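Residue-level structural notes
Next come the chains, spelled out residue by residue.
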Amino acid sequence: MKISDVRTMLLTGPDPHGVGGVERPWHILLVRIDTDAGVYGLGEAGNFMGDRQAIAYAREWLIGRDPLTIRPFVRAMLSGGLPPYEPQMSPTATVDGPAAWAVSGVEMALCDLAGKILGTPVYNLLGGAFRDHIRVYLDRSGVADPSDLGQWRALAERVIADGFRDFKFDAEWIAPEVNRDPWNRQMRNDQVRLTVDRLAVVRDVAGPDAEIALDGHFSFDVETAIRLARALEPLDLKWFEDPVPILNFDAQKRVRDESPIPICAGEMLVADQFREMIDRRAVDIVHPDLLFVGGLHEGKKVADYADLNGIPLAIHNNGSAMNTVAEAHLGAACPNFIGLEYHFWDAKWIGEVVRREGVPLFDDTGHVPLTDAPGFGVEIDAAIAERYLAPGESIF
């Protein structure tokens, strides 16, 4: 059996809750790998700048090859080999950025394909499952009118009513109306106070047992991150995510050393960057995303290295149902897994891009249930694909 084609399909539609409770457009880039035996695999890429160009590069390497050569593919695309082997480095001469993002989506489809060929779920390709229900935390960002405490209360009530006990908000969207300078990475005292007051409403509604996290989106300087974390200590948050710029591990360590809240980080990093972050003792919880880390096997490397260092794994998720199911398989195969993110609770079409026969994406307790279907056990929902197909695109 040989690979015969690698294709992509772009879907676009509304994300009603968006960022800060404000609607935005969203795009889903799906990947399909075909073989000459008629078996195919599905994956998802991030649709960032350069993704499709790098996927086209990967396609040239894959055509005519054995679909089970997954790790050699990743190695070839991210690092290359020694002469006379080609390629000798990634198409961008780095191990991150568009090369890693494209490899992430293609490797996901290869894993699905391999599971179908071998007749086993992807989590078995990663060593077997520790659990069959994967805990989800909802990213709720913020509310349309942050000054209205009733909106914060209503949002928390809805999350709990929908069966979830773990959720997250965006620090910069909790009290944005008092931010007077968008460039200096600072929060003044009034913004810190309002952030605490508004999250206190959420904690009051959710109760002491809910796991509430805060995302900093790489926004703050060290002083602000520490001051904000200390102010939030009474709310017993699960973690403070990405408090400082993404690759400044020295700054992140300074925050971790002073923060009473655990520091979670890594959504855009690749495995070697996770190694450095862990070695510098700059993180309490690792947070890879399968759209960016380089695929499931690279994500498993991150999880295993974190586990060796006594660090838990949460999984960032910037994707659709496709990425969610793939990440659930990764979470199943990692003993140190604690939670899988989901953004698009209000954008139902994003959660219906792919379907599993007889199994919903989420159960009524805030988990992704796994099955023993080969691969990821998913198929494209043709009606959703047709309805949300971007202009100029073709359905798989």
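Residues numbered from 1 in each chain as written. Predicted model: local features only at pLDDT ≥ 70, side-chain atom pairs only at ≥ 80, totals over all residues. Heavy atoms only, no water.

Residue position: F376 is located in the loop between β13 (367-369) and β14 (379-380). Considered as a pair, F376 and R356 are 20 residues apart in the sequence and their alpha carbons are 8.6 Å apart. Among all residues touching F376, those that are not within four sequence positions of it are L42, M108, C111, D112, V122, L296, M322, V325, A326, H329 and R356. (Helix = DSSP H or I, 4+ residues; strand = E, 2+ residues; numbered from the N terminus. Contact = heavy atoms within 4.5 Å.)

Another aspect to go through is the nonpolar core. Core analysis: the biggest nonpolar cluster contains 130 residues, and F73 and F376 have the highest contact counts within it. In terms of residue count, the dominant contributor to this core is helix α3 (residues 98-118) (12 residues). Excluding its chain neighbours within four sequence positions, the residues that come into contact with F73 are A58, W61, L62, V103, V106, E107 and L110. Core analysis: the next-biggest nonpolar cluster, separate from the first, contains 6 residues, A213, W239, C264 and A314 among them. (Core = buried A, V, L, I, M, F, W, Y, C linked by side-chain atoms within 4.5 Å. Buried < 20%, exposed > 50% of the residue type's maximum accessible area, 1.4 Å probe, protein only.)

A few words now on the sheet that holds strand β3 (residues 40-45). In a beta sheet, neighbouring strands pair by backbone hydrogen bonds and run either parallel or antiparallel. Pairing is antiparallel in the open sheet, where 3 strands are placed in the order β1-β2-β3. Only two strands of the sheet have a single neighbouring strand rather than two, namely β1 (3-19) and β3. The mean inter-strand angle of the sheet, taken between neighbouring strand axes irrespective of direction, is 20 degrees. Here strand β2 (residues 22-35) runs beside β3; their pairing, made up of 6 bridges, is antiparallel. In the sheet register, R32 faces β3, and the bridge partner there is L42. (Pairing = 2+ DSSP bridges. Axes fitted to C-alpha atoms, helices over the stretch in contact; angles between N-to-C directions.)

Now for α3. Its 21 residues place the ends of α3 30 Å apart at the C-alpha level, agreeing with the 30 Å of an ideal helix rising 1.5 Å per residue. Counting buried residues in α3 gives 17 out of 21 residues, a clear majority hidden from the surface. Phi turns positive one or two residues past the end of α3, at G119, with a value near 70 degrees. (Expected span 1.5 Å × (residues − 1).)

Residue position: R355 is located in strand β12 (residues 354-355). Overall, the relative accessible area of 44% leaves R355 in the partly exposed class. For the pair R355 and G377, spaced 22 residues apart in the sequence, the C-alpha separation amounts to 8.3 Å. Each residue touching R355, except ones within four places of it in the same chain, is listed here: G377, V378, E379 and D381. At a separation of 2.3 Å, a polar atom in the side chain of R355 contacts the side chain of D381. (Polar contact = N/O pair within 3.5 Å; in protein donor to acceptor, adjacent residues only side chain to side chain.)

So, about the pattern of salt bridges. Under the definition given, this model contains 32 salt bridges. With a closest N to O distance of 2.7 Å, R32 and D34 form a salt bridge. The exposure class assigned to D34 is buried, which follows from its relative accessible area of 10%. In this structure, R158 and D162 form a salt bridge, with 3.4 Å as the shortest nitrogen-oxygen distance. Judged by its relative accessible area of 26%, D162 is partly exposed. (Salt bridge = Lys/Arg side-chain N within 4 Å of Asp/Glu carboxyl O.)

Another point: the side chain of K168. As for its position among the elements, K168 is in strand β5 (residues 166-170). You can call K168 buried: its relative accessible area is 0%. Separated by 3.4 Å, the side chains of K168 and Y137 make a polar contact.

Take unusual backbone geometry next. P83 connects to P84 through a cis peptide bond whose omega is 10 degrees. In this structure, P84 sits in the loop between α2 (70-78) and α3. The residue after E86, namely P87, is reached through a cis peptide bond having omega 0 degrees. Here P87 is to be found in the loop between α2 and α3. In the Ramachandran plot, R281 falls in the positive-phi region, its phi being about 55 degrees despite a non-glycine side chain. Along the chain, R281 falls in the loop between α9 (271-279) and β9 (285-286).

What follows is about the pairing of β1. The pairing of β1 with β2 spans 13 bridges and is classified as antiparallel. In the strand pairing of β2, V19 is matched with V22. Between the antiparallel neighbours β1 and β2 lie 2 residues, among them G20 with a positive phi of about 65 degrees.

Glancing now at the state of the cysteines. Applying the stated criterion across every chain yields a total of 0 disulfides. Just so you know, C111 is unpaired, no disulfide at all, and the nearest cysteine sulfur is the one on C334, 13 Å from it. Assessed through its relative accessible area of 1%, C111 is described here as buried. Here C264 stays unpaired: no disulfide links it, and the sulfur of C334, its closest cysteine neighbor, is 14 Å away. Its relative accessible area of 0% is what places C264 among the buried residues. (Disulfide = S-S within 2.5 Å.)

Moving on, we get to the packing of aromatic side chains. The relative placement of two aromatic rings is captured by the distance of their centres and the angle of their planes. Applying the stated criterion to the full structure yields 14 aromatic pairs. On the basis of an interplanar angle of 15 degrees and a centroid distance of 4.5 Å, the ring pair of W349 and Y388 is categorised as stacked. One end of the pair, W349, is in the loop between β11 (337-342) and β12; the other, Y388, is in helix α12 (residues 382-388), with 39 residues separating them in the sequence. We classify Y388 as buried; its relative accessible area is 12%. Linked through ring pairs, W26, F164, Y342, F344, W345 and F362 together constitute an aromatic cluster. For the cation-ring pair, K348 lies above W345, with the distance from its terminal atom to the ring centre recorded as 4.2 Å. (Phe/Tyr/Trp six-rings, centres within 6.5 Å; stacked < 30°, edge-to-face > 60°. Lys NZ or Arg CZ within 6 Å of the ring centre and 35° of its normal.)

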